[in-house]
Amino acid sequence: MKIVNPATEEVIAEVEMADATEVDRAVERAKDAFATWRSVSPGDRARLLRRFAEKVEDHAEELARLEIANAGHTAGNARWEAGNVRDVLHFYAGAPERDHGRQIPVAGGVDVTFQEPLGVVGVIVPWNFPMVIMTWGVAPALAAGNTVIVKPAEWTPLTARRLAELALEAGLPEGVLQVIPGEGEVAGARLVDHPDVRKIVFTGSTEVGKLIAAQAASQVKRVTLELGGKSANIVFADSDLDRAASSAPMAVFDNSGQDCCARSRILVERSVYDDFLVRLSHAVQAIKVGDPLDPASEMGPLISAEHRDRVASFVGAEGVHAAGSCPSGPGYWFAPAVLAAPAGFDPLAGGSGAFHRAFTEEIFGPVVSVVPFDDEAHAVQIANNTTYGLSGSIWTRDVGRALRVARAVEAGNLSVNSHSSVRYWTPFGGFKQSGLGRELGPDALAAFTETKNVFISTE
Ligand code: NAD
């Protein structure tokens with residue numbers, strides 16, 4: 001597989017794709033390693049994970065540069081991502097010594113529970129945040145005593161491979177963390193199908209997530225699914241309209257809109273709708289799209305020509321309310337675009353027009369659709385009128401309304417008067433078809449362990 005820099009279209013590496021037999025060999029190695037890794041004492045497992053985190057810190061700039069070259073991330077984002085990998089490893093390095101069971105009162109003996117590791121875990125990763133998403137699965141899985149095989153996305157295997165090398169340098173035993181680049185339908189599918197892989201953590205499209213859930217069901221294989229999104233950014237008339245409008249573009253265009261949490265539907269209370277659109281348009285026109293290595297760039301290219309074609313299919317010649325600019329020449333550039341609801345558009349009705357498609361489908365690019373709403377109930381109805389439920393934002397100065405709407409919106413990660421949704425120490429995941437299970441936060445190890453109950457008679 002030729003690995004291409006999306007900002008220049010230059011081939012930067014060639015990577016061999018694993019076939020099913022190679023996946024089987026990796027599973028054998030991971031099974032062998034599990035026998036010893038699970039019995040490494042909690043303190044030593046913690047120390048090894050901390051050393052891995054320190055290696056990442058030592059190589060943070062190198063990892064960031066790999067991600068800039070391979071995924072077109074801006075320098076600021078890529079450096080934050082390398083720091084996030086380090087922090088997630090440090091956070092879960094604290095977990096092996098805290099992976100407590102319970103003692104439950106019973107008659108005639110003692111009852112205790114143990115959190116047992118599952119065995120070999122497969123982590124299947126998308127191309128949009130390669131090293132970060134990989135680590136959200138890897139760190140708690142390793143902390144709980146599992147061994148892990150990562151299948152990175154076809155287009156973006158470079159940071160994953162480097163992280164596996166750094167894990168070895170940190171002293172993690174051979175076979176505890178392996179990275180196997182390969183095609184989804186070949187290497188990914190084999191991980192899902194292999195009877196000795198006890199759990200799959202899949203992040204990617206809802207379409208492939210459903211397929212994996214169905215295949216895993218035949219073995220009652222555990223799955224965590226982090227899937228697509230079409231999140232709402234709800235702006236009430238009483239909000240700080242300047243802040244709401246100036247922050248809205250990067251809440252959807254960050255990482256060129258290739259973000260599962262992108263607030264790609266902006267719902268604005270009708271009385272401030274026109275005012276908001278004017279402010280939003282100015283903010284979008286000011287976005288600097290360009291060379292990811294330039295510290296001034298806020299947005300880089302899309303991941304591939306194929307993906308750019310798909311994103312472009314949502315933006316017709318007419319219907320664009322405002323657009324930014326982007327470089328021409330080599331690179332998969334796309335200018336950020338704002339689509340405004342055509343007169344008479346009913347966001348709760350079905351439809352087949354171009355705006356309806358952009359308003360309802362996950363575009364995964366720098367395109368945002370804006371619609372007006374009448375009141376709080378209408379806003380919640382529109383926000384929930386989707387099969388997705390990953391994230392969302394609420395802008396209002398009324399704290400009661402903020403809480404009411406946050407409780408009413410069917411999504412896993414909401415923010416009020418901000419757009420933050422991912423902190424490694426708080427839980428992350430989706431409602432409805434945006435996913436199954438939660439990653440990160442204090443309880444992540446529960447997704448990588450089975451609870452075993454043991455009764456010991458004292459009679
Ligand atoms: P994708 O579903 O095409 O691929 C994701 C991964 O699955 C890749 O590694 C791919 O090789 C593999 N894969 C493909 N077919 C497979 C199969 N049959 N069996 C096993 N593995 C298979 O997704 P993508 O295009 O890489 O990523 C974009 C999608 O990911 C978007 O929908 C986005 O919303 C979603 N995403 C979700 C989250 C989240 O946390 N909820 C985070 C990032 C991205």
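Given the structure is predicted, the values throughout are model-derived calculations rather than measurements. (Residues numbered from 1 in each chain as written. Predicted model: local features only at pLDDT ≥ 70, side-chain atom pairs only at ≥ 80, totals over all residues. Heavy atoms only, no water.)

Enquirer: What am I meant to see in the site of the ligand here?
Expert: If you check the shell around the ligand, you find 28 residues, and the closest are V125, K151, S205, L227 and E362. In this structure, V125 approaches the ligand through a main-chain N or O atom, which is 2.7 Å from an oxygen atom. In the environment of the ligand, an oxygen atom lies 2.6 Å from a nitrogen or oxygen atom belonging to the side chain of E362. Out of a free accessible area of 850 Å², the ligand has 90% covered by protein chains. Here the ligand is seated within the largest pocket. Within the residue set of the shell around the ligand, elements represented by two or more residues are α7 (184-193), β8 (197-203) and α8 (206-217). Across the shell around the ligand, the residue classes tally to 17 nonpolar, seven polar and four charged. (Near = heavy atom within 4 Å. Polar contact = N/O pair within 3.5 Å; in protein donor to acceptor, adjacent residues only side chain to side chain. Areas by Shrake-Rupley, 256 points an atom, 1.4 Å probe, with all protein chains shown as cover. 1 Å grid on protein atoms, 1.4 Å probe; cavity = no way out; pocket = protein on both sides within 12 Å on 5 of 7 lines; lining within 4 Å. Sits in = over half its atoms within 2 Å of the grid points. Helix = DSSP H or I, 4+ residues; strand = E, 2+ residues; numbered from the N terminus. Nonpolar A, V, L, I, M, F, W, Y, C, P; charged D, E, K, R; others polar.)

Enquirer: Explanation requested: the packing of aromatic side chains in the structure shown.
Expert: The geometry of an aromatic ring pair is captured by two quantities: the separation of the ring centres and the angle between the planes. Overall, the coordinates contain ten aromatic pairs when judged by the stated rule. A ring pair is formed by W127 and F364, whose centres lie 5.4 Å apart and whose planes are at 80°; its orientation type is edge-to-face. Here the residue W127 occupies a position in the loop between β5 (120-124) and α5 (130-143), and F364 occupies one in the loop between α12 (354-360) and β14 (367-373), the gap between them amounting to 237 residues. Through pairs of rings, three or more aromatic residues link up here, namely F91, Y92, Y424 and W425. In this arrangement the basic side chain of R265 is found over the ring face of F359, its NZ or CZ atom lying 5.6 Å from the centre. The positively charged end of R357 is found above the aromatic ring belonging to F314, 3.9 Å away from the centroid. (Phe/Tyr/Trp six-rings, centres within 6.5 Å; stacked < 30°, edge-to-face > 60°. Lys NZ or Arg CZ within 6 Å of the ring centre and 35° of its normal.)

Enquirer: Mind showing me how you'd approach the pairing of strand β11 (residues 265-269) here?
Expert: The side chains of a regular strand alternate between the sheet's two faces. Across the five residues that make up β11, a large majority, five, are buried. Judged by which residues are buried, β11 turns out to be covered on both faces: R265, L267 and E269 on one side and I266 and V268 on the other are all buried. Looking at chain direction, strand β10 (residues 232-235) and β11 are connected through four bridges and run parallel. Paired with N233 across the bridge in β11 is I266. For the handedness criterion, the β-α-β arrangement of β10, helix α9 (residues 241-253) and β11 is classed as right-handed. Pairing of β11 with β14, which is carried by five bridges, proceeds in the parallel orientation. In the sheet register, V268 faces β14, and the bridge partner there is P372. (Buried < 20%, exposed > 50% of the residue type's maximum accessible area, 1.4 Å probe, protein only. Pairing = 2+ DSSP bridges. Right-handed = clockwise from strand over helix to strand, strands pointing away.)

Enquirer: Is there a simple way to explain the environment of V138 in this structure?
Expert: Structurally, V138 is set in helix α5. In this structure the C-alpha to C-alpha distance between V138 and A93, which are 45 residues apart in sequence, comes to 12 Å. With residues up to four places along the chain from it excluded, the contact list for V138 reads V123, V148, V150 and L177. (Contact = heavy atoms within 4.5 Å.)

Enquirer: Looking at this model, I keep getting lost on the side chain of S297. Mind explaining?
Expert: Tracing the chain through its elements places S297 in the loop between α10 (273-285) and α11 (305-312). In terms of polar contacts, S297 uses its side chain to reach the backbone carbonyl oxygen of G290, at 3.4 Å. Within the structure, S297 has its side chain in polar contact with the backbone oxygen of D291 (distance 2.8 Å). Look past the residues within four positions of S297 in its chain and what remains in contact with it is T74, K288, G290 and D291.

Enquirer: Got a minute to help me understand the layout of surface pockets in this structure?
Expert: The probe, sized like a water molecule, is rolled over the atoms to show the empty space still left. Space inside the largest pocket adds up to approximately 1,100 Å³. Taken together, 36 residues form the lining of the largest pocket, with W127, F202, G204, S205 and V208 sitting closest to its centre. Among the elements of the structure, α7, β8, α8 and α11 are those that each provide at least two residues to the lining of the largest pocket. Here the lining of the largest pocket takes six residues from α8, the largest share from any one element. Considering only residue class, the lining of the largest pocket consists of 17 nonpolar, ten polar and nine charged. (Points joined across faces, edges and corners; volume = space filled by probe spheres on them.)

Enquirer: What should I look at first to understand unusual backbone geometry in this one?
Expert: Excluding glycine, most residues fall at negative phi; most peptide bonds, likewise, are trans. The backbone of S256 sits at a positive phi, close to 60°, despite the residue not being glycine. Structurally, the position occupied by S256 is in the loop between α9 and β11. Despite not being glycine, K432 shows a phi value in the positive range, around 45°. On the secondary structure map, K432 appears in the loop between β16 (413-416) and β17 (435-436).

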